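# Geometric and topological summary
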Amino acid sequence: MAGARRRKQHFSRIHAFSCGKASFKGDHSLIGGPGFSRVIYCNDPECFEASLRNYCDNYVRSTKYTLATFFPKSLFEQFRRAANFYFLICAILAFTPLSPYSAVSNVLPLVVVIGATMGKEAIEDWRRKKQDIEVNNRKVKMHQGDGVFEHTKWMDLKVGDIVKVEKDEFFPADLILLSSSYEEAICYVETMNLDGETNLKLKQALDATSSLHDDSSFQNFKAVIRCEDPNANLYSFVGSLELGDEQHPLSPQQLLLRDSKLRNTDYIFGVVIFTGRDTKVIQNSTEPPSKRSKVEKRMDNIVYFLFAVLVVLSIIGSIFFGIETREDLENGKMTRWYLRPDETTIYYNPKRAAVAAILQFLTALMLYSYLIPISLYVSIEVVKVLQSIFINQDLHMYYEEADKPARARTSNLNEELGQVDTILSDKTGTLTCNSMEFIKCSIAGTSYGHGITEIERALAWRKGSPLAQEAAEVEGQVKEIQEEKPSVKGFNFVDERIMNSNWLNEPRADVIQKFLRLLAICHTAIPEVDEETGRISYEAESPDEAAFVVAAKELGFEFYERTQTSISLYEFDLSGKKVKRSYNLLNILEFSSSRKRMSVILRNEEGKLLLLCKGADSVMFERLAKNGQEFAEQTKEHIEEYADVGLRTLVLAYRDIDEEEYVEFNEKFTEAKNVVSANREEMIEEVAEKIERDLILLGATAVEDKLQNGVPECIDKLAQAGIKIWVLTGDKMETAINIGFACSLLRQGMKQVVINSETPENKALEKAGDKTATAAAYKASVLQQIAEGKQLLTSSNENSEALALIVDGKSLTYALEDDVKDSFLELAIGCASVICCRSSPKQKALVTRLVKTKTGSTTLAIGDGANDVGMLQEADIGVGISGVEGMQAVMSSDIAIAQFRYLERLLLVHGHWCYRRISSMICYFFYKNIAFGFTIFFFEIYASFSGQAVYNDWFLSLYNVFFTSLPVIALGVFDQDVSSRLCLKFPLLYQEGIQNVLFSWLRILAWAFNGVLSATIIFFFCIRAMQHQAFRKGGEVAGLEVLGATMYTCVVWVVNCQMALSITYFTYIQHLFIWGGIILWYIFLMAYGAMDPNISTTAYKVFIEACAPAGSYWLLTLLVLITSLLPYFAYSAIQIRFFPMYHQMIQWIRSDGQSDDPEYCNMVRQRSIRHTTVGYTARFEAKSKSSKER
């Protein structure tokens, strides 16, 4: 069937949709005006008129830089960092006589730092570029002229080109459907990449172009399309097609969007109308933002603070220097005669003391630059790249089935992973696998099916659950049966009472027969026969519909053929004989979100008219006849049980129709569906309402919207970590709510605040056509519902009850308006769960922006489709799921993972470690630079603020590069406060990142104080010990070069040993770097001191001849080291003993051997559970609590 032309199928005869009909009323009258000025010359993109339009090409890029913008944009990125900009100024001043050190020693570190960071940026962007190249070089068949179609690259398409897209291919641009392999020019489109929905959308070309079935048909085809300009609205389109002398209105029914996929149709022909950045999917995305973590932004503030300290020190020094210089010549007498002030340069001229003070200020700015660590940024870049490699190589986040590891596409945000407060998640393809499984059913008041859902499994294995033993037994039985029979996609039903025709022995076999027959008939699926194997598969509009047809087939009622007016089955009669039956299909009353049901009207072989109906329990029970409610109570109980374990339920019912009633209905139905007006849908619903009544209940189905493996467990751990989880989906409200229950974001007993605009009053206003009044009414309705929700929130907080907020897309439009969004956010933040349904990509991005900007907390967005791109880019961290469909989300993400469950390890383990490592690393960096910088300042006091450096030029330059930087890098890469196992076992540990306790201003200032204290001890011990004492055997006192080398030795020892005290997880690399850094200093001092005095200057043989032979040098080093570390050691001992942080408590638990004590661990974990916590653990606790209260 897939290879040949499909037989003619007149879907318009039975479906409620209007076959390609539209009118020039309403919006079509705007064509040609502002916003509706686009003109497309079909099949003639090179014509003169088309060239004047100058539409963009079809090349799409997701890179941050281009070849032309890399250097200017990347340099801007580097120098917008406060520290780098400051060092640039210092580098420029180093070439002037003001410099206290040589220019080369100052410029070289800056070039290395900037070069390394730009190189990293270039490598990351090149990866994005390669993905762009892959997408842009995909091939599609394009009309080359004379009816010949040849493969062309996507990027070479132009507006007006005719393309032929074949089954299971993505559309390369936004197209207008001209014709398809079906006679009536319909096609099925999967838009999961755009709106997250897996159900297939039915599209249909205009009658005027529907006959263009062959390649040769386009040899002389010419037409002109006039339509709206490029915009971001996925669900509307206005245009007209001019063919010959006739004009035909175009609607969304003919629009095929880029990144959606052709399904269940051999091929389509379409004309390109929007290309590249003009396509609706790209219009919904935004430029890749330059994201910076909150830690890095605070780090800039610390740099500003240190710069302010530096300026203050420089001002103090310049004032004192000016006063001292002015007093060098007093009444013609030279106070400091040895400086020869009478023959000095402008820099020390007593007659121009003010100028000398200003010049000294500039010198001091350069000299004290060592307060600000130049290697901080490059060290952090190196650490983040190495952290990213660890994330990429973590086997616990490797998805073997698809051969996909985790991939950190940018390393800028590693520490942000440890501070996530709110996760905003897509649903389809992110939480779910895009597959439904028929797992249970209730027929004639009896429940069938022993399958265990994810939720039941999660609850069963909770400690003390009575379900545990039962679940184990059931799972054992299910596995035995499944091993005997190969698994079938969509069917996970196990119950010997019904399977293998055993239903014939059940008391109500007649009802079971009608139930299974309804499953096999009441749908819009199309069967496809594999020509090689003869096996039948089904293409359905939604995965749950496919699951019903597959279930009917597996239980003996096999749907095998559909024609324009009939549907054929193999089924069993009540005698157990398999028979072939055909039913005359008269009408299909389609499912819609307002109707919440679907019906088919058919005539059986006996000529009897039947209406078969399936729908949500909320609309079905009220439509039952008095004599059709025999099993209503039992069925309701079963539905509640199914819903409680996260299953999606539908009620099945039927009725007999007499001939007269059907004739009257069919007339009205045909009349309603042929109407071309705004209220056409309402008219169809009214007609359907009259016949869908007096139904006889058969039972209910329960399908599992199959979650990805480990989703409930992952959500449970993230919720215990104190992370709030929002779901933003393009799906229907009912579907989203069911998934909410399935993954325990919602639970029974949790009050739901539903903000829904679809009220009868609003619908009536919309029908009236007054757009202003309608918008005002919608907004007022949303405001009222938000106000009611806030009142409910206040009372629920007093009673410690959890609330869930559920919002539909239309309400969200008004909730995000400037004067409403603050109230909406206040309500949303107070709720335990938030689910936004029918959200457009733009709305997802706006909700993300609202949470990020108004709360100031770290947001993480996770999704797998092109409809999630805006949300991923807007969030602080964007995580793309590298799933089965498309790569748009991954290409726009910061981190890519293969399954949602890996988010648990990514945040709770890698996030926590990265946050702790980077925070500790930055604090330590500032500590060691303050300790070093203040020794320079203290010496300046002794040197009358003259600008004389106590250390050699290269001592200054290499301090941050060689002698103290490698241990910090090792800390940032390897340190662990607790193991990955304990990170996952005690999720509350993650709160340290959310509350930012490890990088608070108090902690930063404490480290700064420690630095000043260390500098004070080092300087004053050294100066007092060496000022008047003989240093060498010959009685010589220490000179400047000896003092500088001794103080520098003390600084290197103190800061490296401080690092050793700070580390909680030692590796041999850390030992190598810490003690190796100290040894390297001695080697450098000997090697550099052995060089020519013109090169080594003040370091010439200072170690060999002066320091090493002097016992006081070694004794002083030891004394300073112990004295400097003593305050930190004492503070740490008191803090751990009396004010332990959470990670220190867990370290205690581990060292006491209590980390494997279930009772003790459970007691500690209870601190994670609050009344607003979601997840199955909280669900179990809430259920236990309510049971006790009863």
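Structure shown above.
Everything numeric in this text was worked out from a predicted model, so none of it was measured.

### A few points about the sheet that holds strand E5 (residues 174–180)
The 6 strands are arranged E3-E2-E4-E13-E5-E11 in an open sheet whose pairing can be described as antiparallel. Both outer strands of the open sheet, strand E3 (148–153) and strand E11 (255–256), are each paired with one neighbouring strand and no more. The pairing of strand E2 (residues 139–145) with strand E4 (residues 162–166) spans 2 bridges and is classified as antiparallel. Each bridged residue has a counterpart across the sheet, and for Lys141 the counterpart in E4 is Lys164.

### Considerations on the environment of Asp44
Examined against the element boundaries, Asp44 turns out to sit in the loop between strand E1 (38–42) and helix H2 (48–53). Owing to a relative accessible area of 28%, Asp44 belongs among the partly exposed residues under this scheme. Placed 118 residues apart in sequence, Asp44 and Ile162 show a C-alpha to C-alpha distance of 9.0 Å. Residue contacts for Asp44: discarding those within four places in its chain leaves Ala50, Gly160 and Lys222.

### Points about empty space enclosed by the protein
Within this structure, the stated rule accounts for 10 cavities of 30 Å³ or more. By volume, the second largest cavity amounts to about 130 Å³. As for the second largest cavity, its lining consists of 13 residues, and the residues nearest its centre are Glu77, Arg81, Glu121, Glu296 and Asn412. Secondary structure elements with two or more residues in the lining of the second largest cavity: helix H3 (70–79) and helix H5 (103–136).

### Quick look at the pairing of strand E34 (residues 877–881)
Counting buried positions along E34 yields 5 of 5 residues, so the element is predominantly enclosed. Every second residue of E34 is oriented toward a common face, with Ile877, Val879 and Ile881 on one face and Gly878 and Gly880 on the other, all of them buried. Sheet topology places strand E33 (residues 858–863) next to E34; 4 bridges connect them, and they run parallel. Each bridged residue has a counterpart across the sheet, and for Ile862 the counterpart in E34 is Val879. The parallel pair E33 and E34 is bridged by helix H26 (residues 869–874), and the resulting crossover is right-handed. In the sheet, E34 pairs with strand E35 (residues 895–897) via 3 bridges, with the strands oriented parallel. What sits directly across from Gly880, in E35, is Ala896.

### Points about unusual backbone geometry
In the Ramachandran plot, Asp259 falls in the positive-phi region, its phi being about 75° despite a non-glycine side chain. Mapping Asp259 onto the fold places it in the loop between E11 and strand E12 (261–263). On the basis of relative accessibility, which here comes to 5%, the residue Asp259 falls in the buried class. Despite not being glycine, Asp694 shows a phi value in the positive range, around 50°. Looking at where Asp694 falls in the secondary structure, it is placed in the loop between helix H18 (680–691) and strand E28 (696–707). Given a relative accessible area of 39%, Asp694 falls into the partly exposed group.

### Describing the packing of helix H34 (residues 1040–1062) against helix H38 (residues 1111–1138)
Viewed as axis vectors pointing N to C, H34 and H38 meet at an angle of 40°, and their least axial separation amounts to 9 Å. The two elements H34 and H38 cross, and the hand of that crossing is right-handed. Together, Thr1046, Thr1049, Cys1050, Trp1053, Val1054, Cys1057, Gln1058, Leu1061 and Ser1062 of H34 and Tyr1113, Leu1116, Thr1117, Val1120, Leu1121, Ser1124, Leu1125, Tyr1128 and Phe1129 of H38 make up the contact between the two elements. Tallied by class, the residues present in the contact of H34 with H38 amount to 12 nonpolar, 6 polar and no charged.

### Considerations on the sheet that holds strand E6 (residues 186–190)
Read from one edge of the open sheet, 3 strands run E7-E6-E12, paired in antiparallel fashion. Here the strands that pair on one side only, and so sit at the sheet edges, are strand E7 (200–204) and E12. Taken over all neighbouring pairs, the strand axes of this sheet differ in orientation by 45° on average, direction set aside. Sheet topology places E6 next to E7; 5 bridges connect them, and they run antiparallel. Residue Cys187 lies in a different strand from E7, and its bridge partner there is Lys203.

### Examining the pairing of E33
Of all 6 residues in E33, 6 are buried, a share of seventy percent or more. Side chains Thr858, Leu860 and Ile862 project from E33 onto one buried face, and the interleaved Thr859, Ala861 and Gly863 project onto a second face that is buried too.

### Here we look at the nonpolar core
One finds Tyr368, Ile922, Phe932, Tyr951, Phe955, Tyr1048 and Trp1081 to be the most contacted residues of the largest nonpolar core, which totals 116 residues. Top element by residues in this core is helix H28 (residues 902–942). It accounts for 17 residues. The next biggest cluster of nonpolar side chains, apart from the first, holds 80 residues, and it includes Ala444, Cys613, Met620 and Ala700.

Rules used throughout
- Residues numbered from 1 in each chain as written.
- Predicted model: local features only at pLDDT ≥ 70, side-chain atom pairs only at ≥ 80, totals over all residues.
- Heavy atoms only, no water.
- Pairing = 2+ DSSP bridges.
- Helix = DSSP H or I, 4+ residues; strand = E, 2+ residues; numbered from the N terminus.
- Buried < 20%, exposed > 50% of the residue type's maximum accessible area, 1.4 Å probe, protein only.
- Contact = heavy atoms within 4.5 Å.
- 1 Å grid on protein atoms, 1.4 Å probe; cavity = no way out; pocket = protein on both sides within 12 Å on 5 of 7 lines; lining within 4 Å.
- Points joined across faces, edges and corners; volume = space filled by probe spheres on them.
- Right-handed = clockwise from strand over helix to strand, strands pointing away.
- Axes fitted to C-alpha atoms, helices over the stretch in contact; angles between N-to-C directions.
- Left-handed = near helix turned anticlockwise from the far one by under 90°.
- Nonpolar A, V, L, I, M, F, W, Y, C, P; charged D, E, K, R; others polar.
- Core = buried A, V, L, I, M, F, W, Y, C linked by side-chain atoms within 4.5 Å.

Geometry only, nothing functional implied.
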